[in-house]
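So the chains spell out like this:
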Amino acid sequence: MDRVNRFIDYTSRHVFEPGLNWVIDHPIVSVVAVVALIYFSVRNYRML
């Protein structure tokens, strides 16, 4: 169990933190990406 927790800590530290720093540096790009993601998911859901 300790190994799993260590893996999660390592992954979050090396994957999510640089991504979060990038989002903070580029807020407009992240907002556009989120809006596009929501738009396409809603559109595909309506097609079902």
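The following paragraphs examine the structure supplied in this document. (Residues numbered from 1 in each chain as written. Predicted model: local features only at pLDDT ≥ 70, side-chain atom pairs only at ≥ 80, totals over all residues. Heavy atoms only, no water.)

## Comments concerning the overall build of the chain
So, step 1. Regarding its fold elements, the chain presents two helices and zero strands.
So, step 2. Viewed in the frame of its principal axes, the chain has a C-alpha envelope of about 45 × 30 × 5 Å.
So, step 3. Across the 48 residues of the chain, 2% fall into the buried class.
So, step 4. Of the roughly 4,800 Å² that the chain leaves accessible, carbon and sulfur atoms contribute 69%.
So, step 5. Put simply, the chain has 5 plus and 4 minus side-chain charges, and the middle of one group is 13 Å from the middle of the other. (Helix = DSSP H or I, 4+ residues; strand = E, 2+ residues; numbered from the N terminus. Buried < 20%, exposed > 50% of the residue type's maximum accessible area, 1.4 Å probe, protein only. Areas by Shrake-Rupley, 256 points an atom, 1.4 Å probe, with all protein chains shown as cover. Lys, Arg positive; Asp, Glu negative; His and termini not counted. Charge placed at Lys NZ, Arg CZ, Asp CG, Glu CD.)

## Focus on the packing of aromatic side chains
So, step 1. Taken as a whole and assessed by the stated rule, the structure comprises one aromatic pair.
So, step 2. Between Tyr-39 and Phe-40, the ring centres sit 5.4 Å apart and the planes meet at 70 degrees, which makes this aromatic pair edge-to-face.
So, step 3. Classification of Phe-40 by relative accessible area gives partly exposed; the value is 42%. (Phe/Tyr/Trp six-rings, centres within 6.5 Å; stacked < 30°, edge-to-face > 60°.)

## Focus: the pattern of salt bridges
So, step 1. Applying the stated rule across the entire model yields one salt bridge.
So, step 2. In this structure, Arg-6 engages Asp-2 in a salt bridge whose closest nitrogen and oxygen atoms are separated by 2.9 Å. Taken together, the residues Arg-6 and Asp-2, both in helix α1 (residues 2–25) and four residues apart, mark about one turn of the helix. Take Arg-6 and Asp-2: they sit in the same class, and that class is exposed. (Salt bridge = Lys/Arg side-chain N within 4 Å of Asp/Glu carboxyl O.)

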